[in-house]
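In case you want the letters, here they are:
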Amino acid sequence: PIGSMAPLPPIVPPPPLMPPFTQIPPAAAGQVAMAPPATHQMTDDQFIAAHPGQVTVAIRESSSGRTATIVAPSVGTTVSELKALVSAEFGIAANKQKLSVEGHGFLKDAQTLASYRIASPSVVV
């Protein structure tokens, strides 16, 4: 009979994949410290205003596994400008670099760190 079925259990959402921002250890290999989810709804200008000051980015060079900490002037720094800083540290020409961040794939030179919601601390490969 149609009305005699037991009710289904309530649907419970799965736990978040990442711990809250404050629990992410700085420069953990393979992880990206993203800003809290609410900031993903901000415009780039709002994100820049909410994250003043320098940005510390751990860069891991994939062929050697060497990691270096790069300090960018702000979240308004372009990927191209970040590549220039990486070039100075690793000696790899900017046009030979392919920077990526988990969840975004390869970063485009004309975009800013704010475009990708990258704030301190972050890991870029």
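Here, every reference points to the structure presented above.
Residues numbered from 1 in each chain as written. Predicted model: local features only at pLDDT ≥ 70, side-chain atom pairs only at ≥ 80, totals over all residues. Heavy atoms only, no water.

Draft legend 1. Molecular detail of the overall build of the chain. Scanning the chain from terminus to terminus reveals two helices and five strands. Along the chain, helices and strands appear, N-terminal first, in the series α-β-β-α-β-β-β. Counting the 125 residues in the chain, one finds 30% classified as buried. For the chain, contacts bridging at least 24 residues in sequence account for 53% of all contacts bridging at least 6. Just so you have it, the chain exposes about 7900 Å², and 62% of that area is on carbon and sulfur atoms. (Helix = DSSP H or I, 4+ residues; strand = E, 2+ residues; numbered from the N terminus. Buried < 20%, exposed > 50% of the residue type's maximum accessible area, 1.4 Å probe, protein only. Contact = heavy atoms within 4.5 Å. Areas by Shrake-Rupley, 256 points an atom, 1.4 Å probe, with all protein chains shown as cover.)

Draft legend 2. Quick peek at the pattern of salt bridges. Here the structure, examined in full by the defined rule, presents three salt bridges. Its salt-bridge partner being D44, residue R117 comes within 2.6 Å of it at the nearest N-O pair. Of this pair, R117 sits in the loop between β4 (105-106) and β5 (122-124) while D44 is found in helix α1 (residues 44-50), placing the two residues 73 residues apart along the sequence. One salt bridge connects K83 with D109, and the closest N-O pair in it is separated by 2.8 Å. Residue K83 is found in helix α2 (residues 79-90), and its partner D109 is found in the loop between β4 and β5; the two are separated by 26 residues along the sequence. On the basis of relative accessible area, K83 is assigned to the buried category, the value being 7%. (Salt bridge = Lys/Arg side-chain N within 4 Å of Asp/Glu carboxyl O.)

Draft legend 3. Representation of the sheet that holds strand β2 (residues 67-72). Read across the open sheet, the three strands follow the order β2-β1-β5; overall the sheet is mixed. The two strands at the open ends of the sheet, each matched to only one other strand, are β2 and β5. The mean angle between the axes of side-by-side strands here comes to 30°, regardless of whether they run parallel or antiparallel. The sheet strands contacting α2 are β1 (55-60) and β2, and the helix crosses β2 at an angle near 140°. (Pairing = 2+ DSSP bridges. Axes fitted to C-alpha atoms, helices over the stretch in contact; angles between N-to-C directions.)

Draft legend 4. Examining the packing of aromatic side chains more closely. Under the defined criterion, the tally for this structure stands at zero aromatic pairs. The ring of F106 has K98 sitting right over it, with the charged end atom 5.7 Å from the ring centre. (Phe/Tyr/Trp six-rings, centres within 6.5 Å; stacked < 30°, edge-to-face > 60°. Lys NZ or Arg CZ within 6 Å of the ring centre and 35° of its normal.)

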